[in-house]
Amino acid sequence: MPTPFEIVRRHVDAALTEAAANGIAADQIGRTLLDVAAEVLGRDRSPQEVADEMTFIARNIADEEDHSFMRP
């Protein structure tokens, strides 16, 4: 059974390929993915919970650093 990450990654890769073929910048796809992610999260969570989740992800986006909650 595929993981949620594997399912989403496959679709994101396809979207990026299609976007590139149509002259659409990857960052436009990224912004749209954020919009859709907020919509999906908002189905079961409050707007504040969605904002908190996105803030957590943004603060911890650098893979080479410890997550902010792990920093002294």
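For the structure, check the block above.
These figures come from a predicted structure and were not determined experimentally.

**Q** What exactly am I supposed to notice about the overall build of the protein here?
**A** Along the protein, the regular secondary structure elements total three helices and zero strands. Beginning at the N terminus, the succession of helices and strands in the protein can be written as α-α-α. Burial status across the protein gives 7% buried among its 72 residues. Counting every atom, the protein has about 6100 Å² of accessible surface; 59% of that belongs to carbon and sulfur.

**Q** I keep staring at the packing of helix 2 (residues 26-41) against helix 3 (residues 47-59) and nothing clicks. Help me out?
**A** Helix-helix packing is characterised by the crossing angle of the two axes and by the distance between the axes. Close contact between helix 2 and helix 3 brings their axes to 9 Å; oriented N to C, the two are set at 135 degrees. Overall, the two elements helix 2 and helix 3 adopt an arrangement that is oblique. Classified by chirality, the crossing of helix 3 by helix 2 is right-handed. Residue-level inspection shows L34, A37, A38 and L41 of helix 2 in contact with helix 3, the latter providing V50, E53 and M54. When the residues that make up the contact of helix 2 with helix 3 are grouped by side-chain class, the tally is six nonpolar, no polar and one charged.

**Q** Sorry if this is basic, but what is going on with the pattern of salt bridges here?
**A** Counted by the stated rule, this structure contains four salt bridges. Between R9 and D13 there is a salt bridge, and its shortest N-O distance comes to 3.1 Å. Of the two residues, R9 and D13 both sit in helix 1 (residues 4-21), four residues apart, roughly one turn of that helix. R9 sits in the partly exposed class, given a relative accessible area of 36%. For R45, the salt bridge is made with E53, and the minimal N-O distance between the two is 3.5 Å.

**Q** I keep staring at the layout of surface pockets and nothing clicks. Help me out?
**A** In this approach, a probe sized like a water molecule rolls over the atoms, and the result shows the empty space that is left. Considering only enclosed or pocket space, the largest pocket measures out at about 840 Å³ in volume. Residue lining of the largest pocket: 23 residues in total, with V8, V12, L33, L34 and A37 positioned closest to the centre. Per element, the largest residue contribution to the lining of the largest pocket is 10 residues, and it comes from helix 2. For the lining of the largest pocket, the per-class residue count stands at 17 nonpolar, three polar and three charged.

**Q** I would appreciate a short explanation of the side chain of N60 in the present structure.
**A** For N60, the location among the structural elements is in the segment after helix 3. A polar side-chain atom of N60 sits 2.7 Å from the main-chain carbonyl oxygen of F56.

The rules behind these values
Residues numbered from 1 in each chain as written. Predicted model: local features only at pLDDT ≥ 70, side-chain atom pairs only at ≥ 80, totals over all residues. Heavy atoms only, no water. Helix = DSSP H or I, 4+ residues; strand = E, 2+ residues; numbered from the N terminus. Buried < 20%, exposed > 50% of the residue type's maximum accessible area, 1.4 Å probe, protein only. Areas by Shrake-Rupley, 256 points an atom, 1.4 Å probe, with all protein chains shown as cover. Axes fitted to C-alpha atoms, helices over the stretch in contact; angles between N-to-C directions. Parallel < 35°, antiparallel > 145°, perpendicular 65-115°, else oblique. Left-handed = near helix turned anticlockwise from the far one by under 90°. Contact = heavy atoms within 4.5 Å. Nonpolar A, V, L, I, M, F, W, Y, C, P; charged D, E, K, R; others polar. Salt bridge = Lys/Arg side-chain N within 4 Å of Asp/Glu carboxyl O. 1 Å grid on protein atoms, 1.4 Å probe; cavity = no way out; pocket = protein on both sides within 12 Å on 5 of 7 lines; lining within 4 Å. Points joined across faces, edges and corners; volume = space filled by probe spheres on them. Polar contact = N/O pair within 3.5 Å; in protein donor to acceptor, adjacent residues only side chain to side chain.

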